[in-house]
Amino acid sequence: AGLAFADAPTGLSLPPVGLGLQSQSQLDAAKASAAVLPPLQSVLELTTAFRPPERTGAAPAADVIVDAVTGEETAAPAPVGRALADGSGMLADGTWWEKKSGIEYGKNGYWKRWQLLRGGSADGAVEWEETWWDASDYTGMKEMGAQKQGRNAGGDAWRESWTERLMYASNDLDCVVERNAHKWAAQGDGDEWEEKWGEHYHASGKVAKFADKWGKTGPNVWHERWGEDYDSGGDACVKWTDKWAERLLPDNAREQWGDKWHEAFANGRGEKNGEVWSVGAGGDRYQRWWGEQHMGDMRVRRHGHSTTGEQWDDIAHMDTYYNPVPHFGFKLALDHSPQLRNVPLKPKEIKPDDPFGPGLDQL
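Residues numbered from 1 in each chain as written. Predicted model: local features only at pLDDT ≥ 70, side-chain atom pairs only at ≥ 80, totals over all residues. Heavy atoms only, no water.

Trainee: Looking at this structure, I do not really get the pairing of strand S15 (residues 269-279). What am I missing?
Mentor: Side chains on a regular strand alternate between the two faces of the sheet. Pairing geometry for strand S14 (residues 254-266) and S15, over 11 bridges, is antiparallel. By the bridge assignment for S15, His-262 is matched with Asn-273. Where S14 folds back onto S15 in an antiparallel hairpin, the turn is made up of two residues, including Asn-267, whose phi is positive at roughly 55 degrees. As judged from the 10 bridges shared by S15 and strand S16 (residues 285-294), these two strands associate in the antiparallel manner. Each bridged residue has a counterpart across the sheet, and for Ser-278 the counterpart in S16 is Tyr-286. Adjacent in sequence and paired antiparallel, S15 and S16 are bridged by five residues, among which Gly-283 carries a positive phi angle near 90 degrees. (Pairing = 2+ DSSP bridges. Helix = DSSP H or I, 4+ residues; strand = E, 2+ residues; numbered from the N terminus.)

In structure tokens form, the structure reads like this:
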């Protein structure tokens, strides 16, 4: 028997396949609704939640779309699975599935529309779940998001999520577009990795970007964090990065090493500071610190020292270069999020004796 497909909610497209691709989900929904499909043969046609996510920077899988402007990877939906009506069933390969949806309400006009698709293999070796939603309230907040998770009999587990939100900051009512993503996967043999990243674009011009990644392979563990903050005036920025790693040796001793730097510039002046360090298996430690003070008049003080006795401090005549303008700002973020802008607000209830009627709510 053919599968039943859900109609798209009035005033709302299905969740996006990628930032900036407005029409793709509409094409997927139309294609699914118009097609006369045979029964699905395998879980591959239903969802991608049954397998772990790819690390950022790796070659994108078939279910990953790379944003043409930002370069960020976004999990693409499984068109058939997301277009299904509520219900349950069994695929030809023995995979069972269940689809649910609902609406939740809260204070100040909050409402959230969600859909959930979950299932597993016939032998119970793999279980997976996929959820996606949109939400809004009367403050102007609008949100879209999705999450995938799963596990298998071998001890592997994974989780992947992203959210995109339009809101007003509570302290200064500055309109903000926020994008956040999180990926995590662990293998039964103990290897594990995790990635988080976020981008916050303010209408005032402020931009904040950050990432936090770590991984473990056998006795090796590594970490990487970085951040960028741009002010609203277009002439000041702060950037930093911090990387470190460690290795567990057979005798339970550890080797560790890392490097980090931080820079802050505004109005042609600023500072750069950094550190390189290591700790050997015997506990011997090495550290080297360096810094630059850019005075804004072609003079730069360069200084540093290390645990081995190195030391320097001089004045050099050189240019000061920094880029205080982010490559992506609020307007572009908003322009590339048409489906986020189109998330509807919950219609306000109008009392029969209200002398003002529906007012602006009808606009």
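Trainee: I tried to follow unusual backbone geometry on my own but got confused; where do I start?
Mentor: Phi is mostly negative for residues that are not glycine, and the peptide bonds are mostly trans. In this structure, Asn-108 is a non-glycine residue whose phi angle is positive, near 55 degrees. For Asn-108, the location among the structural elements is in the loop between strand S4 (96-105) and strand S5 (111-120). Asn-108 gets classed as partly exposed once you look at its relative accessible area, which sits at 46%. (Buried < 20%, exposed > 50% of the residue type's maximum accessible area, 1.4 Å probe, protein only.)

Trainee: Help me out: how do you make sense of the packing of aromatic side chains in this one?
Mentor: The tally for this structure, following the rule as stated, stands at two aromatic pairs. For the ring pair Phe-265 and Tyr-322, a centre distance of 4.8 Å and an interplane angle of 10 degrees mean the geometry is stacked. Here Tyr-322 lies in the loop between strand S18 (311-317) and helix H3 (330-335) and Phe-265 lies in strand S14, a separation of 57 residues in the sequence. Residues Phe-265 and Tyr-322 agree in their burial class; the two are buried. If you follow Lys-112 out to its NZ or CZ, it ends over the ring of Trp-133, 5.0 Å from the centre. Over the ring of Trp-111 we find Arg-113, and its NZ or CZ is 5.3 Å from the ring centre. (Phe/Tyr/Trp six-rings, centres within 6.5 Å; stacked < 30°, edge-to-face > 60°. Lys NZ or Arg CZ within 6 Å of the ring centre and 35° of its normal.)

Trainee: Would you mind showing me how to read the nonpolar core here?
Mentor: The tendency in soluble globular proteins is for nonpolar side chains to be buried side by side. Counting 26 residues, the largest nonpolar core has Trp-97 and Tyr-201 as its most contacted members. Of all the elements, strand S9 (residues 175-186) adds the most residues to this core, at three residues. (Core = buried A, V, L, I, M, F, W, Y, C linked by side-chain atoms within 4.5 Å.)

Trainee: Could you clarify how one ought to interpret the pairing of strand S10 (residues 192-202) in this entry?
Mentor: For S10, the tally of buried residues reaches nine of 11 residues, placing the bulk of the element in the interior. Two elements, S9 and S10, share 11 bridges in a ladder whose sense is antiparallel. Opposite Asn-180, over in S10, you have Gly-198 as the bridge partner. Hairpin connection from S10 to strand S11 (residues 207-217): four residues lie between these consecutive antiparallel strands, with Gly-205 at a positive phi of about 115 degrees.

Trainee: For this particular structure, what's the right way to read the side chain of Lys-142?
Mentor: Within the secondary structure, Lys-142 is located in strand S7 (residues 142-152). Of the side chains bearing the opposite charge, Asp-134 lies closest to the buried Lys-142, which forms no salt bridge; the N-O distance is 9.5 Å. Only 3.0 Å separates the side chain of Lys-142 from the backbone oxygen of Val-343, close enough to count as a polar contact. If we ignore the near neighbours within four places in the chain, the residues touching Lys-142 are Ala-135, Ser-136, Glu-164, Arg-165, Leu-166, Leu-340, Arg-341, Val-343 and Leu-345. (Lys, Arg positive; Asp, Glu negative; His and termini not counted. Salt bridge = Lys/Arg side-chain N within 4 Å of Asp/Glu carboxyl O. Polar contact = N/O pair within 3.5 Å; in protein donor to acceptor, adjacent residues only side chain to side chain. Contact = heavy atoms within 4.5 Å.)

Trainee: Explain the pattern of salt bridges here, please?
Mentor: Where side chains of opposite charge bring their charged atoms close, a pairing between them can arise. On inspection of all chains with the given rule, the structure shows 17 salt bridges. Between Arg-225 and Asp-212 there is a salt bridge; the shortest N-O distance is 3.4 Å. Taken as a pair, Arg-225 in strand S12 (residues 220-230) and Asp-212 in strand S11 lie far apart in primary sequence, 13 residues in all. A relative accessible area of 36% places Arg-225 in the partly exposed class. By relative accessible area, which is 26% here, Asp-212 ends up partly exposed. Residues Asp-297 and Arg-299 are paired through a salt bridge, measuring 2.9 Å at the closest nitrogen-oxygen approach. The class for Arg-299 is partly exposed, based on a relative accessible area of 35%. Here the residues in one salt-bridge network are Glu-98, Lys-100 and Arg-118, joined through shared partners.

Trainee: So what exactly am I meant to see when it comes to the environment of Gly-215 here?
Mentor: Looking at the element boundaries, Gly-215 is found in strand S11. Through-space distance from the C-alpha of Gly-215 to that of Glu-194 is 6.3 Å; in sequence the pair is 21 residues apart. Ignoring anything within four residues of it in the chain, the contact list for Gly-215 reads Glu-192, Trp-193, Asn-220, Val-221 and Trp-222.

Trainee: Honestly, the confidence of the model for the protein in this entry has me stumped. Any pointers?
Mentor: Reading predicted coordinates in detail is not appropriate for stretches of low pLDDT. Mean pLDDT for the protein: 80, with 75% of residues reaching 70 or above. Low pLDDT, under 50, characterises residues 57-71; the stretch is placed with 32 contacts to residues that sit more than four places away or in other chains. (pLDDT = per-residue confidence, 0-100.)

Trainee: Any chance you could explain the environment of Asn-273 here in plain terms?
Mentor: Relative to the helices and strands, Asn-273 resides in strand S15. For Asn-273, a relative accessible area of 32% gives the class partly exposed. The sequence separation of Asn-273 and His-262 amounts to 11 residues, and the corresponding C-alpha distance is 5.4 Å. In this structure, Asn-273 is in contact with Lys-260, Trp-261, His-262, Trp-290, Gly-291 and His-303, ignoring residues within four places of it in sequence.

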